[in-house]
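# Examination of the molecular architecture
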Amino acid sequence: MGLTSTDTTSVLAIDAGNSKTDVAVVSAAGEVLATARGGGFRPPAVGVPAALDALAEPVGRALADAGLGSVTHVSACLANADLPVEEERLATALRARGWGASVEVRNDTFAILRAGVAEPRGVAVVCGAGINCVGMRPDGRTARFPAIGRISGDWGGGWGLAEEALWFAARAEDGRGEATALARTLPAHFGLPSMYALIEALHLEHLAPERRGELAPVLFTTAAGGDPVARALVDRLAQEVTVLATVALTRLDLLDEETPVLLGGSVLTAGHARLNDGVRALLAARAPKAAVHVVDARPVLGAVLLGLDRLEVAAGARERARRYWEAP
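Structural notes, computed from the coordinates. (Residues numbered from 1 in each chain as written. Predicted model: local features only at pLDDT ≥ 70, side-chain atom pairs only at ≥ 80, totals over all residues. Heavy atoms only, no water.)

### Quick notes on the pairing of strand S1 (residues 10-16)
How we decide: Three labels apply to residues, based on accessible area from a 1.4 Å probe with only protein chains included: buried if under 20% of the type maximum, exposed if over 50%, partly exposed otherwise in between. Numbering of helices and strands runs from the N terminus, with a helix taken as a DSSP run of H or I at least four residues long and a strand as a DSSP run of E at least two residues long. Two strands pair if DSSP finds at least two bridges between them.
For S1, a buried count of seven out of seven residues is recorded, marking the element as mostly surrounded by other parts of the structure. The two faces of S1 match: Ser-10, Leu-12, Ile-14 and Ala-16 on one face and Val-11, Ala-13 and Asp-15 on the other face are all buried. The sheet contact formed by S1 and strand S2 (residues 20-27) spans seven bridges and is antiparallel. Counted as the bridge partner of Ala-16 is Thr-21 from S2. Taken together, S1 and the strand that follows it, S2, pair antiparallel across an intervening segment of three residues. Both S1 and strand S4 (residues 71-78) contribute to a ladder of six bridges, which runs parallel. Across the sheet, Ala-16 pairs through a bridge with Leu-78, a residue of S4.

Okay, structure coming up:
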């Protein structure tokens, strides 16, 4: 017996990253009515209308499976929504789709933060292809950074680490820089004999540009082998993660309170001991009351919880939704 409209108070939760999108429809009681997965959400590459058209496919499947034509509230955590003005533009575009009576768009880093805390209170640093940090308090206050690259003061992320590793390795090979095993390990990853060969392959696009991202794990392996240059890059990333978290805690007046600091993204959840141990040691000195945790929950859970927060549902609903994604 299917429903056709907002016959039940419900949330449409969207976690849309560059490579994939997860969608869930959840009742106000925290019952998961339907889920769906789609491709990446990339407005800068294809434009907002085309990106939303792609998003409509998994959203349509999830709503149909839930027996709904629309929901009470849409909670969308979207990649490339880096500035508040971008969040508002995307929210306006989502409202026009008619998927929910109300719509809230946040940067996708907020989904990782909310997925890892029992209440909307804490700080999350995410390091995947890029790097970002957000913080929030139950009263609605947030801390965030533009996180759009070097022009906004960013350093780090898998892509940035790969670029740094290439720079040091190239200079090591031709004598402009200090010796580093990266000059051997980076080209070897692609079966190439030298940095010169790798530079040529990248420049002439014999290797697809996006394959540079494969070099971040090579950097960490080289660092684990004891290479000083690689180790210094890993240590610099630990310092950057610590600075982001400390600034966010300070902005939210949480530096002197017991507060969760969550680490997310492919780089910070990969188990690189030198990096994660470095972050913990540095935060222990600069923010001794921070409780550091690695978040491995799927970010769509965070989008769900943010939506349920907006509906002001009972705490049991949040726990019911959390069990769905955290069940073994």
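### Concerning helix H11 (residues 299-311)
Selection criterion: How far a helix is expected to stretch is found by multiplying one less than its residue total by 1.5 Å.
In a regular helix each residue adds 1.5 Å, so 13 residues correspond to 18 Å; H11 covers 19 Å between its end C-alpha atoms and thus fits that length. The buried count for H11 comes to 11 of 13 residues, which makes it a mostly enclosed element. Pro-299, Val-300, Leu-301, Gly-302, Ala-303, Val-304, Leu-305, Leu-306, Gly-307, Leu-308 and Asp-309 are the residues of H11 that are buried.

### Some points on the environment of Pro-288
Along the chain, the position of Pro-288 falls in the loop between helix H10 (273-286) and strand S10 (290-294). According to the relative accessible area criterion, Pro-288 is exposed, its value standing at 62%. Sequence-wise, Pro-288 and Leu-255 are 33 residues apart; in three dimensions their C-alpha atoms are separated by 8.3 Å.

### Structural notes on the packing of helix H8 (residues 215-224) against helix H9 (residues 228-251)
A packed helix pair is summarised by two numbers, namely the angle formed by the two axes and the spacing between the axes. Short version of the rule: Fitting a line to C-alpha atoms yields each axis, with helices limited to the stretch in contact; the angle taken between N-to-C directions then spans 0 to 180 degrees. In this scheme, roughly parallel covers angles under 35 degrees and roughly antiparallel covers those over 145, while 65 to 115 is roughly perpendicular and the rest are oblique. The handedness criterion is simple: a crossing whose near helix is rotated anticlockwise from the far helix by less than a right angle is left-handed, and one whose near helix is rotated clockwise is right-handed. Throughout, a contact is declared for two residues whenever any of their heavy atoms are within 4.5 Å. Each residue receives one of three labels: charged for Asp, Glu, Lys and Arg, nonpolar for Ala, Val, Leu, Ile, Met, Phe, Trp, Tyr, Cys and Pro, and polar for the others, Gly being one of them.
Look at H8 against H9: their axes get within 8 Å of each other, and the N-to-C directions meet at 115°. Classified by the angle between their axes, H8 and H9 sit roughly perpendicular to one another. In the packing of H8 onto H9, the handedness of the crossing is left-handed. In this structure, H8 contributes Leu-219, Phe-220, Thr-222 and Ala-223 to the contact, and H9 contributes Ala-230, Arg-231, Leu-233, Val-234 and Leu-237. When the residues that make up the contact of H8 with H9 are grouped by side-chain class, the tally is seven nonpolar, one polar and one charged.

### Digging into empty space enclosed by the protein
Worth spelling out the cut-off: Grid spacing is 1 Å over the protein atoms alone, the probe is 1.4 Å, and a cavity is where that probe fits but cannot get out, while a pocket is an open set with protein on both sides within 12 Å along at least five of seven lines and lining residues have an atom within 4 Å of a point. Grid points are joined across faces, edges and corners, and a volume is the space filled by probe spheres set on the points.
The tally for this structure, following the rule as stated, stands at one cavity of 30 Å³ or more. Volume-wise, the largest cavity comes out at about 30 Å³. In this structure, the largest cavity is lined by Arg-114, Val-117, Ala-118, Leu-305, Arg-318, Glu-319 and Arg-322. For the lining of the largest cavity, the leading source of residues is helix H12 (residues 315-326), giving three residues.

### Some points on unusual backbone geometry
Positive phi values are uncommon outside glycine, yet Asn-80 reaches one of about 70°. Within the element layout of this structure, Asn-80 appears in the loop between S4 and helix H3 (84-97). A positive phi angle is found at Asp-253, which is not glycine, with a value near 55°.

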